[in-house]
Amino acid sequence: MLHTATVTLAVTLALLSPRIAGASEGDGALQAGRATERIDINGVWDEPAWASALPFDGFVQIFPSEGGAPTERTEVRVLYDDRNLYVAFTCFDSQPDQLNRNLGRRDSPPPSDSVEVVIDSAADRRTAYTFGVNAGGVLFDSLVQDNGTTSTEWDAVWDAAVQVRPDGWSAELRIPLHILRFSKATLQKWGFLARRRLARTNEVITSALVPRTGSGQVSRIGTLEGLRDLTPRPYVELSPYLAARTALQPQFSDPSRPDPRLLNPALDVGLDLQMALSSELVLTATVHPDFGQVEADELILTLANAEPYFPEKRPFFAQGLELFQPPPSGNGAILAQQFFYSRRIGLTTPILGAAKVAWSVTPELDVALLDAYVLGAQAPEFDEATPDRRFRLGLLHFGPANALPRTPQIPQNFLVAVSRWRPREDVTLGGRVAMATPFAGACSEEDAALSEEEQPLGCLAQGGNTGAIEWELRSPDSDWGLSGQLLGSQTVGGPPLRLLADGTALSRGATGLGAYVTAGKFGGEPFRFDVTYRYNAPTLELNAIGYLPYQNEHVGAVHLRYTRPSGFGLLHAFDLYSVAYGTWTADGQGIDRNRRLAVGSAAVIPGFHELTLELGTLDPRFDTREIPGTGIAYQRVGFHYLNLLLQTNPHRPLSFFMDGVLKYAPNAASPSGEQGWVADAGLTYRPNSRFESKLSVSAELTPNEPRWVDQVEDELIFGALTARSLSLILRLQWVLTPRLTLQTYAQHFSELGRYDRFFRGTPGAGSHIRLSELTPVDYGGSVDFHGSALNLNLVLRWEYRLGSLLYFVYTRSQEQAPGGALPRTVLPSGLPSGPTSDAVMVKWSYFWSS
């Protein structure tokens, strides 16, 4: 009897004491229970199955006091059945009236109270899925790859609900098992982490201690145990769409003739598909995708002689993009070669279809494949004065003939394949292949000599092939690492010979090599460092399908860092860093191209505001691309700079940021040097939980620097350019419910460039032109410039059922009228009379899952 009573008492105490029952191992281990009944997702776990699930409340602080006890108690339970994983949170709060329940669009929750789970279902300690919901009911998810690289663009269809309680709030999450990748073992143990964020105190607590000083995250999370008899099952998800739009566009392509405008209606249909033959093999495909709801790119001032980089915003390409990224390239000192740049696909030509395949061949070997085919056609011949208004039925498109593209469209196929092998947890080896294959005729030397309007499509098509091997080695604690890649490229199609910006002659079929390697201490406290080297051969060409702003260079960089993520004294976090790098040409001449040296400090100060201060010098040295196609090394103006960044606590209703750079160029055209600056400021206001407004202002003044403008006979002409730009961006968001939102985006951008003096220059020894060798000259050409533009985007998004969407979109694009006198200031000018396009689109999609 005594023994029976003792056992009964022990069991009773175990069930009544959450900390003992759920956290007895002290390592963040949670127990999952089998659900024997239907679980309704309503934010209140009132089903009897929840009462039988073992609770866990052994949470620990991650920020601001790493390893400390949480200020508020949190309890989490986990259930599962044959189709779903269920997670229930109870978030106790001693001040429930202070809960931050701000609403936002799905995947974009504003700073607020929230909970989330991190699930390593494959138990490979490198890959994990994150599912979260804030206290207002806004869902968000992401995918973690390579033990720390997070992709917030990853998306899945799952559900969650929240409820406010007298003592805090609660949340229920339902995660379909077919989203996750897991084995067929009878008894399974997954990596698992529960996380809660408290907006009022800026506190972050987790179910297992994952040090903020560590670089590996997935390998440090806790576990979820008790999963039995789970069987991966095939599934199919279909999402057909129908998009009806009408656009009011100028009849003439000449910007000096903005009127009249024609109304061009159109209809498009397409289909998105996701299919899993098993949890190891997933196919994602799209047929004739439409991205009309995607926000326009930000307008910027581009004075550099390299292509600017813009982030991917289209959902099909943004999701899963992390699979095609190269290994880490250091603590941000330099950018590695971008093997795949998805914006090469379909920005100017319609996409017929695209597909992605992710296959876990074995637990150690992953393979990913992406293929996309872009339609093409010769530009239609028609007279703009008498446009062809007849409607034509194309492939999944119906609209008037005069609205077809007015420039030649080259059919092209893009293929990217990636494999990654992990023989050990801390070793990753991989290979990559990328091909951009244009389907156009050959281009002879005679064809290339014709004007651009007369050249056949074969002269305009520029494809390429690229192959690479990559590696990443990590210490067992992931603090130390060595990574890099070796790659080669081959040009395909296009003219027999073309000149790159630095004068390199690139023949059709030319090959080039590239490589980078980075090594160092990327985690731990307090000291970190890394050393990076990169090589781009003169004939390396990745831009057919990748992104390479500069070829023909060696780059070396060193990054040193003293970090205290847990802070000290009054500081919640503190960093002190220095960076130094230099570049020189790889063509055997060793021309000194660029040098940078900087020191800085970043801290989270009392009130949870962020402050960064950086002091540095940037010396461009000699630019081999300033005078296009010549390779002449022209000396550029260097400058010293001071950068100050302040970001106030984003959890407050009113917050702002300020980022200012003050430049001083001692060798500018002015005898005493020239000052320049860049200023960015932003204000965010949330008067209530449903409305958010953001205003951003950016302005820039470049130093008075001689830049190349013309060549007159044998003389090169340079002008002292002073350029200004102004950008105003306004974002407004109304959230009626977490699934019904209205967003507006408006940007006005203007730029002004004046050349006040002109100089002549002649290459000296070694084809160099130095600033001290420039001599004044009279130049009668007009090279001053001014531009002004307005972009407006309004999107109403309604998720009328789980995964099914209805969009209403209005866009306006307006440019300054050409000609006229150059204004005195950078303020807007000539917009009302410039060419303008207005478009309205309604897009409907329906989600179906097997």
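Description of the overall build of the protein chain
Scanning the protein chain from N- to C-terminus turns up six helices and 47 strands. Relative to the globule expectation of 29 Å for 850 residues, the C-alpha radius of gyration of the protein chain, 29 Å, shows essentially globular dimensions. With the C-alpha coordinates of the protein chain rotated into their principal frame, the extents come out at 110 × 65 × 50 Å. Per-residue burial over the protein chain gives 49% buried out of 850 residues. When contacts within the protein chain are restricted to residue pairs at least 6 apart in sequence, those whose partners lie at least 24 apart make up 66%.

Some points on the side chain of Thr 349
Note on placement: Thr 349 falls in the loop between helix H4 (315-318) and strand E17 (351-362). Residue classification places Thr 349 among the buried residues on the basis of a relative accessible area of 12%. Each residue touching Thr 349, except ones within four places of it in the same chain, is listed here: Val 374, Leu 375, Gln 409 and Ile 410.

Some points on the pairing of strand E20 (residues 397-400)
Two strands pair when backbone bridges link them, and strand E15 (residues 261-278) and E20 are joined in this way by two bridges, in the antiparallel orientation. Residue Leu 267 lies in a different strand from E20, and its bridge partner there is Phe 398. The antiparallel pairing of strand E19 (residues 391-394) with E20 creates a hairpin that spans two residues between the two strands, and Leu 396 there sits at a positive phi of about 65°.

Some thoughts on the sheet that holds strand E34 (residues 633-635)
Pairing is mixed in the open sheet, where three strands are placed in the order E33-E34-E42. The open sheet is flanked by strand E33 (622-623) and strand E42 (768-769), the only strands paired with a single partner. Pairing between E34 and E42: two bridges, direction parallel. Considered in E42, the bridge of Tyr 634 is made with Ile 769.

Some points on the nonpolar core
In this structure, Phe 89, Phe 131, Leu 173, Leu 180 and Trp 190 are the most contacted members of the largest nonpolar core, which totals 41 residues. Among the nonpolar cores identified, the runner-up in size contains 27 residues, and Ile 345, Ala 368, Val 374 and Ala 434 belong to it.

Quick notes on the state of the cysteines
In this structure the tally under the stated criterion is one disulfide. The disulfide partner of Cys 443 is Cys 459, and the S-S distance across this bridge is 1.9 Å. Sign of the S-S torsion, about 85° for the bond between Cys 443 and Cys 459, identifies this disulfide as right-handed. Taken as a pair, Cys 443 in the loop between strand E22 (427-438) and helix H5 (445-448) and Cys 459 in helix H6 (residues 457-460) lie far apart in primary sequence, 16 residues in all. The exposure classification of Cys 443 matches that of Cys 459, with both residues buried.

Concerning the pairing of strand E16 (residues 281-287)
In the sheet, E15 pairs with E16 via seven bridges, with the strands oriented antiparallel. Residue pairing across strands places Gln 274 opposite Thr 284, the latter belonging to E16. Hairpin geometry of E15 and E16 is characterised by an intervening segment of two residues between the two adjacent antiparallel strands. In this sheet, E17 lies alongside E16 in antiparallel orientation, the contact comprising seven bridges. Looking at E17, one finds that Ala 285 is bridged to Ala 355.

As for unusual backbone geometry
Note: most peptide bonds trans; most residues except glycine with negative phi. Backbone torsion omega between Asp 259 and Pro 260 reads 0°, so that peptide bond is classified as cis. One can find Pro 260 in the loop between strand E14 (235-250) and E15. Here the bond from Glu 525 into Pro 526 is cis, since omega is 10°, no more than 30 degrees from zero. Within the element layout of this structure, Pro 526 appears in the loop between strand E27 (511-521) and strand E28 (527-536). A positive phi angle, close to 60°, is found at Asn 202, a residue other than glycine. Residue position: Asn 202 is located in the loop between strand E11 (187-198) and strand E12 (203-206). In this structure Asn 202 comes out as buried when scored by relative accessible area, which is 11%. The backbone of Glu 713 sits at a positive phi, close to 55°, despite the residue not being glycine.

Quick look at the pattern of salt bridges
Within the structure shown, the criterion is met by 50 salt bridges. Residue Asp 40 pairs with Arg 38 through a salt bridge whose shortest N-O separation is 2.8 Å. Taking the relative accessible area as the measure of exposure, Asp 40 reaches 36% and is therefore partly exposed. Measuring nitrogen to oxygen at the nearest pair gives 3.0 Å for the salt bridge that ties Asp 623 to Arg 636. Here Arg 636 lies in the loop between E34 and strand E35 (639-647) and Asp 623 lies in strand E33, a separation of 13 residues in the sequence.

A few points about the side chain of Ser 693
Within the secondary structure layout, Ser 693 lies in strand E38 (residues 691-701). Once residues within four sequence positions are removed from consideration, Ser 693 is found in contact with Leu 683, Thr 684, Tyr 685, Arg 731 and Leu 732.

With respect to the packing of aromatic side chains
Under the counting rule described, the total for this entry stands at 23 aromatic pairs. Note on Tyr 129 and Trp 154: the rings are 5.5 Å apart at their centroids and 50° apart in plane angle, and the pair reads as tilted. Of the two residues, Tyr 129 sits in strand E6 (residues 128-134) while Trp 154 sits in the loop between strand E8 (149-151) and strand E9 (159-165), which places them 25 residues apart along the sequence. Exposure class is identical for Tyr 129 and Trp 154. Each is buried. Both rings, one in Phe 182 and one in Trp 190, keep their centres 5.6 Å apart while their planes meet at 40°; by these two values the pair is tilted. No difference in accessibility class separates Phe 182 from Trp 190, as the two residues are buried. Each member of the aromatic cluster is reached from another via a ring pair, and the members are Tyr 129, Phe 131, Trp 154 and Trp 158. One cation-aromatic arrangement involves Arg 593 over Tyr 550; the distance from NZ or CZ to the ring centre is 5.1 Å.

So, the environment of Thr 231
For Thr 231, the location among the structural elements is in the loop between strand E13 (222-228) and E14. In this structure Thr 231 comes out as exposed when scored by relative accessible area, which is 60%.

A few points about the environment of Arg 195
In this structure, Arg 195 sits in strand E11. For Arg 195, a relative accessible area of 17% corresponds to the buried category. Along the primary structure Arg 195 and Val 236 are separated by 41 residues, whereas in three dimensions their C-alpha atoms are 31 Å apart.

Here we look at the environment of Met 658
Among the structural elements, Met 658 can be located in strand E36 (residues 654-665). Met 658 sits 12 residues away from Leu 646 along the chain, and the two C-alpha atoms are 5.2 Å apart. The contact partners of Met 658, leaving out residues within four places of it in the chain, are Leu 644, Leu 645, Leu 646, Asp 680 and Ala 681.

Remarks on the confidence of the model for the protein chain
Averaged over all residues, the pLDDT of the protein chain equals 87, while 93% of them reach at least 70. pLDDT under 50 marks residues 1-26. Its contacts with residues more than four places away, or in other chains, come to 19 contacts.

Here is what the cut-offs are and how they apply
Residues numbered from 1 in each chain as written. Predicted model: local features only at pLDDT ≥ 70, side-chain atom pairs only at ≥ 80, totals over all residues. Heavy atoms only, no water. Helix = DSSP H or I, 4+ residues; strand = E, 2+ residues; numbered from the N terminus. Rg over C-alpha atoms; globule rule 2.2 N^0.38 Å. Buried < 20%, exposed > 50% of the residue type's maximum accessible area, 1.4 Å probe, protein only. Contact = heavy atoms within 4.5 Å. Pairing = 2+ DSSP bridges. Core = buried A, V, L, I, M, F, W, Y, C linked by side-chain atoms within 4.5 Å. Disulfide = S-S within 2.5 Å. Salt bridge = Lys/Arg side-chain N within 4 Å of Asp/Glu carboxyl O. Phe/Tyr/Trp six-rings, centres within 6.5 Å; stacked < 30°, edge-to-face > 60°. Lys NZ or Arg CZ within 6 Å of the ring centre and 35° of its normal. pLDDT = per-residue confidence, 0-100.

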